[in-house]
Amino acid sequence: MRKNVIAGNWKMNKVLSEANEFVDAVIEKVPNSDNVEAIVCAPFVYLPSLVEKAKGTNLKVAAQNMHFEENGAYTGEVSPVMLKDLGVTHVVLGHSERREYFAETDETVNQKTVAAFKHGLTPIVCVGETLEQREANETMSLVEDQVKKALAGLSNEQVAATIIAYEPIWAIGTGKTASSEDANEVCKHIRNVVKEVTSADTADKVVIQYGGSVKPANVEELLAQSDIDGALVGGASLEAESFLQLVEAGA
Ligand code: PEP
């Protein structure tokens, strides 16, 4: 049985006191459940504090990006070794904002995904189409291509442990959500692509999230779909109360 993974992506929001207050407010309330895993994806500078608070609890802490190299002359970057050393468990890779504003490509997403596994981090790999691509009926082929490139070179075991987040770009931060049926259709296609490049067993295990204006009011319908195993959530994850509602919906 796959778990629902609810990951709150704070993006570039909050100051340290707000980040700490959020975690203090949710930490005792995140359920110990076989059905749900709760993750906060925080800015790098808050990771030491949040990892410390989350130790021994049901809340996991993720980074929002990383470099693929272990160390070296990459000013301003953070490596997988550094994240692992801190106690971070997950890392978001290839978010559409990183692809759009920071020149992230399918190739660098793949290098980072491979590096994440090498250093014991679970990657949350984001894929998804623009509105123009959806209107041109390119969603399925585009997403298929992104998934195949991101997972290249991984073992079946690693693919099974990857979290894939399907995030249509036109639905991120816009208040527009893909209908749960449309979102499920793409997530089902992603699972078939995983099956094609690995095995039926691997495809059955891989967690596929939906992301794009998910909120407490629509999360249950999305999670009820056959191939949606959780959500990557931006705006609605910033308030402790609504994050907890999303987690509870997945439990
Ligand atoms: C995201 O940050 O990945 C996201 C889906 O944002 P929002 O929930 O605000 O659309």
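Computed from a predicted model, the values in this text were never measured in an experiment. (Residues numbered from 1 in each chain as written. Predicted model: local features only at pLDDT ≥ 70, side-chain atom pairs only at ≥ 80, totals over all residues. Heavy atoms only, no water.)

Enquirer: Summarise the packing of helix α1 (residues 16–26) against helix α2 (residues 47–54); cite the residues concerned and give the values.
Expert: Look at α1 against α2: their axes get within 10 Å of each other, and the N-to-C directions meet at 15 degrees. When the axes of α1 and α2 are compared, the pair comes out roughly parallel. As α1 runs across α2, the sense of the crossing is right-handed. Where α1 approaches α2, its residues L16, A19, N20, V23 and D24 are matched on the opposing element by S49, L50 and K53. A per-class count over the contact of α1 with α2 returns 4 nonpolar, 2 polar and 2 charged. (Axes fitted to C-alpha atoms, helices over the stretch in contact; angles between N-to-C directions. Helix = DSSP H or I, 4+ residues; strand = E, 2+ residues; numbered from the N terminus. Parallel < 35°, antiparallel > 145°, perpendicular 65-115°, else oblique. Left-handed = near helix turned anticlockwise from the far one by under 90°. Contact = heavy atoms within 4.5 Å. Nonpolar A, V, L, I, M, F, W, Y, C, P; charged D, E, K, R; others polar.)

Enquirer: Which residues make up the site of the ligand, and what values go with them?
Expert: Near the ligand, the surroundings consist of 14 residues, among which K11, E167, G173, S213 and G234 are the closest. Within the contact set of the ligand, an oxygen atom lies 2.6 Å away from a side-chain nitrogen or oxygen of E167. Between G173 and the ligand, the recorded distance is 2.6 Å, taken from a backbone N or O atom to an oxygen atom. A total of 290 Å² of accessible area belongs to the ligand in isolation, and the protein chains cover 95% of it. (Near = heavy atom within 4 Å. Polar contact = N/O pair within 3.5 Å; in protein donor to acceptor, adjacent residues only side chain to side chain. Areas by Shrake-Rupley, 256 points an atom, 1.4 Å probe, with all protein chains shown as cover.)

Enquirer: Describe in detail α1, supporting the description with residues and values.
Expert: Taken together, the buried positions of α1 are occupied by A19, N20, F22, V23 and V26. In a view along the axis of α1, the buried residues occupy a sector of 155 degrees, so they form one face of it. Looking at the buried residues of α1, the elements they touch are β2 (36–42), α2, β3 (59–63) and α12 (240–250). (Buried < 20%, exposed > 50% of the residue type's maximum accessible area, 1.4 Å probe, protein only. Arc of directions from axis to C-beta.)

Enquirer: Hey, could you go over the sheet that holds β3 for me, with residue numbers and the actual values?
Expert: A barrel is described by the order of its strands in space; here 8 strands give the closed sequence β1-β2-β3-β4-β5-β6-β7-β8, paired in parallel fashion. Pairwise comparison of adjacent strand axes, ignoring direction, gives a mean angle of 25 degrees for this sheet. Of the strand pairs in this sheet, strand β5 (residues 122–127) and strand β6 (residues 163–166) are connected by 4 bridges, and their pairing is parallel. Residue V125 lies in a different strand from β6, and its bridge partner there is I164. (Pairing = 2+ DSSP bridges.)

Enquirer: Tell me about the UniProt feature "modified residue: Phosphoserine" (unreviewed entry) in the protein, residues and numbers included.
Expert: Mapped onto this numbering, the UniProt entry gives "modified residue: Phosphoserine" (unreviewed entry) at S213. Positionally, S213 belongs in the loop between β7 (207–211) and α11 (216–223). Look at S213 and you get buried, because its relative accessible area is 17%. When neighbours within four sequence positions are excluded, S213 is seen to be in contact with A171, G173, T174, G175, K176, T177 and N218. Within the structure, S213 has its side chain in polar contact with the backbone oxygen of A171 (distance 2.8 Å). (UniProt positions renumbered as here; feature names shortened; annotations may be inferred.)

Enquirer: Could you give me a rundown of helix α5 (residues 106–118), with the residues and numbers involved?
Expert: If you check α5, its first and last C-alpha atoms are 18 Å apart, about what 13 residues at 1.5 Å a residue would give, namely 18 Å. Here α5 has its buried residues at D106, T108, V109, N110, K112, T113, A115, A116 and F117. One or two steps after α5, the chain reaches G120, where phi turns positive at roughly 75 degrees. (Expected span 1.5 Å × (residues − 1).)

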